[in-house]
Amino acid sequence: MTEQPITVIATFHIRPEHEKAALDAIQRCVAASRHEQANLSYQCHRDVSNPNIFVFVERWRSPEALAAHETTPHFRAMAQVFETALSEPLHVRITREI
């Protein structure tokens, strides 16, 4: 039996003074992540009522694929920017479709 893909939903708040650096890192990570073989979908959304809130919606073939993604240079570069850009801890949910 093939393992069902996972969906990652990550919500985060960016400090306004770090918006440009964060957006640049996000855009680079999204573009590169979409080329990863085990990626099924990778999107970042911005809240329409609060422009400091962002939501990643990602689909991966497996938890192992997500773990591998987290070791890529583009993910690590974004994570490094987030060390100072986030105004509160990242909130991540890993889900499977029912």
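None of these values were measured; they are calculated from a predicted model. (Residues numbered from 1 in each chain as written. Predicted model: local features only at pLDDT ≥ 70, side-chain atom pairs only at ≥ 80, totals over all residues. Heavy atoms only, no water.)

1. Points about the packing of aromatic side chains
And step 1. Enumeration over the complete set of coordinates arrives at 5 aromatic pairs.
And step 2. Relative to phenylalanine 54, the ring of phenylalanine 12 has its centre 5.6 Å away and its plane inclined at 15 degrees; by these criteria the two rings are stacked. You can see phenylalanine 12 sitting in strand E1 (residues 6–13) and its partner phenylalanine 54 sitting in strand E3 (residues 53–60), a full 42 residues away along the chain. Side by side, phenylalanine 12 and phenylalanine 54 carry an identical accessibility label, which is buried.
And step 3. Pairing phenylalanine 12 with phenylalanine 56 gives two aromatic rings, centres 5.3 Å apart and planes at 25 degrees, and the pair type is stacked. On the criterion of sequence distance, the pair formed by phenylalanine 12 in strand E1 and phenylalanine 56 in strand E3 is long-range, its members being 44 residues apart. Across the pair, exposure class does not vary: phenylalanine 12 and phenylalanine 56 are buried alike.
And step 4. Connected via pairs of aromatic rings, a cluster forms that spans Phe12, Tyr42, Phe54, Phe56, Trp60 and Phe82. (Phe/Tyr/Trp six-rings, centres within 6.5 Å; stacked < 30°, edge-to-face > 60°. Helix = DSSP H or I, 4+ residues; strand = E, 2+ residues; numbered from the N terminus. Buried < 20%, exposed > 50% of the residue type's maximum accessible area, 1.4 Å probe, protein only.)

2. Here's the deal with the nonpolar core
And step 1. Membership of the largest hydrophobic core comes to 20 residues, with the highest contact counts inside it found for Phe12, Ile14, Phe56, Met78 and Phe82.
And step 2. Mapped by element, the contributors of at least two residues to this core are E1, helix H1 (19–33), E3, helix H2 (63–69) and helix H3 (73–85).
And step 3. In terms of residue count, the dominant contributor to this core is H1 (5 residues). (Core = buried A, V, L, I, M, F, W, Y, C linked by side-chain atoms within 4.5 Å.)

3. Some words on the sheet that holds E3
And step 1. Ordered in space as E2-E3-E1-E4, the 4 strands form an open sheet in which the pairing is antiparallel. Strands at the two margins of the open sheet, each flanked by one partner only, are strand E2 (39–46) and strand E4 (91–95). Put simply, the sheet's adjacent strands are angled 10 degrees from each other on average, direction ignored.
And step 2. Judged from the 7 bridges that link them, E2 and E3 form a sheet pairing that is antiparallel. By the bridge assignment for E3, cysteine 44 is matched with phenylalanine 56.
And step 3. Most of the contacts of H1 go to E2, to which it runs at about 160 degrees, and overall it touches E1, E2 and E3. (Pairing = 2+ DSSP bridges. Axes fitted to C-alpha atoms, helices over the stretch in contact; angles between N-to-C directions. Contact = heavy atoms within 4.5 Å.)

4. Remarks on the pattern of salt bridges
Any two side chains of opposite charge can pair, given that their charged atoms come close.
And step 1. Applying the stated criterion across every chain, the model contains 3 salt bridges.
And step 2. The closest approach of N and O atoms between arginine 96 and glutamate 3, which form a salt bridge, is 2.4 Å. Of this pair, arginine 96 sits in the segment after E4 while glutamate 3 is found in the segment before E1, placing the two residues 93 residues apart along the sequence.
And step 3. Notably, a salt bridge pairs glutamate 19 with arginine 46, separated by 2.9 Å at the nearest N-O pair. Linking glutamate 19 in helix H1 with arginine 46 in strand E2, this pair joins segments that are 27 residues apart in sequence.
And step 4. Take glutamate 19: its relative accessible area is 29%, and that puts it in the partly exposed class. (Salt bridge = Lys/Arg side-chain N within 4 Å of Asp/Glu carboxyl O.)

5. Let's talk about H3
And step 1. Over its 13 residues, H3 extends 18 Å from the first C-alpha to the last, a length consistent with the 18 Å expected when each residue adds 1.5 Å.
And step 2. Within H3, the full set of buried residues consists of His74, Met78, Phe82 and Ala85. Burial along H3 is one-sided: seen end-on, the buried residues are contained in an arc of 75 degrees. Residues of H3 that are exposed and point more than 90 degrees away from the buried face comprise Pro73, Arg76, Gln80 and Glu83.
And step 3. Elements in contact with the buried residues of H3: E1, H1, E2, E3 and H2. (Expected span 1.5 Å × (residues − 1). Arc of directions from axis to C-beta.)

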